[in-house]
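# Descriptive structure summary
Here is how the chains run, residue by residue.
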Amino acid sequence: MNDSHSLSHTTWNCKYHKVWAPKYRRKVFYGEKRLEIGAILRELCQWKGVNIIEAEVCPDQIHMLVEIPPKMSVSSFMGFLKGKSSLMIYEKWGNMRFKYRNREFWCRGYYVDTVGKNAEKIQEYIAKQLKEDELNGQLTLEEENPFTGSK
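Right, let's walk through the structure included here. Sequence order as written defines the numbering, with residues in each chain counted from 1. Selection of residues for local features in this predicted model requires a pLDDT of at least 70, selection of side-chain atom pairs for listing and counting requires 80 or more, and totals for whole chains, interfaces and linings are taken over all residues. Excluded from the side-chain calculations are hydrogens and water; all other atoms, namely the structure's heavy atoms, are used.

Next up on the list: the overall build of the protein chain. Helix and strand assignments follow DSSP, with helices taken as H or I runs no shorter than four residues and strands as E runs no shorter than two, numbered in order from the N terminus. Of the regular secondary structure elements, the protein chain holds four helices and six strands. Think of it in three bands: residues with accessible area under 20% of the maximum for their type are buried, residues over 50% are exposed, and the middle band is partly exposed, with areas taken using a 1.4 Å probe on protein chains only. Within the span of the protein chain, comprising 151 residues, buried residues form 40% of the whole. Sequence-distant contacts, at least 24 apart, represent 70% of the contacts inside the protein chain between residues at least 6 apart. A total accessible area of about 9500 Å² is found for the protein chain, and carbon and sulfur atoms account for 48% of it. We call two residues contacting when some pair of their heavy atoms lies within 4.5 Å. Values of accessible area rely on a 1.4 Å probe in the Shrake-Rupley scheme; residue burial ignores everything except the protein chains shown.

For strand β5 (residues 61-67), a buried count of seven out of seven residues is recorded, marking the element as mostly surrounded by other parts of the structure. When DSSP locates at least two bridges between a pair of strands, those strands are taken to pair. Where strand β3 (residues 15-20) and β5 come together, six bridges link them in antiparallel fashion. Its bridge partner lying in β5, Lys18 is registered against Met64. Pairing between strand β4 (residues 51-58) and β5: seven bridges, direction antiparallel. When the bridges of β5 are listed, Cys58 appears paired with Gln61. Linking β4 back to β5 in an antiparallel pair, the connection comprises two residues.

The next subject is the environment of Lys128. Checked against the element boundaries, Lys128 lands in the loop between α3 (119-127) and α4 (129-135). Considering only alpha carbons, one finds Lys128 and Glu56, 72 residues apart in sequence, at a separation of 8.7 Å.

As a further point, take the packing of aromatic side chains. Paired rings are identified among Phe, Tyr and Trp, the last through its six-membered ring, by centres lying within 6.5 Å, and are further divided according to the angle between planes into stacked (under 30 degrees), edge-to-face (over 60) and tilted (the rest). Applying the stated criterion across every chain yields a total of three aromatic pairs. Judged by centre distance (6.1 Å) and plane angle (85°), the rings of Tyr90 and Phe105 are edge-to-face. With Tyr90 in helix α2 (residues 74-92) and Phe105 in the loop between α2 and β6 (111-114), the pair connects residues that are 15 residues apart, well separated along the chain. Phe105 matches Tyr90 in its accessibility class, with the two residues each being buried. By the ring-pair criterion, three or more aromatic residues cluster together here, those being Trp20, Tyr90, Phe105 and Trp106. A ring has a charge above it when a Lys NZ or an Arg CZ is no more than 6 Å from the ring centre and no more than 35 degrees off the ring normal. The positively charged end of Lys33 is found above the aromatic ring belonging to Trp93, 5.4 Å away from the centroid. Positioned over the ring face of Phe80 is Lys48, at 4.7 Å from the centre of the ring.

What follows is the structure in structure tokens.
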């Protein structure tokens, strides 16, 4: 499988595993909100020409395996992604503005790692992240509707 991409004078294969969380590590990504956050992040990646290989929106963090072209730095892309997505989140859900001060939805930092030849293992890790959190007891999703009491 050829993972190389080309620009006018460059051939590249730059994959990064990135993890970041909402401020105070609040568990805010459930149900429909989880899908809509994913759509926002996909749209922003398309704007910048970044390819998402694998991604998972967990209740309290985001995992992404992406290909970022070498003409763009990882830190500038993350600044764009976190900044624009927080504005889009506050536009979509205005009441979240009161939980997070000064439109700072995401934590200041993030984790990033170059993938190298371990792309398949990291892709598998991200795909199974939500299920592993459930098995380890870190995540408990109630099957019942909290408002009606029915399943």
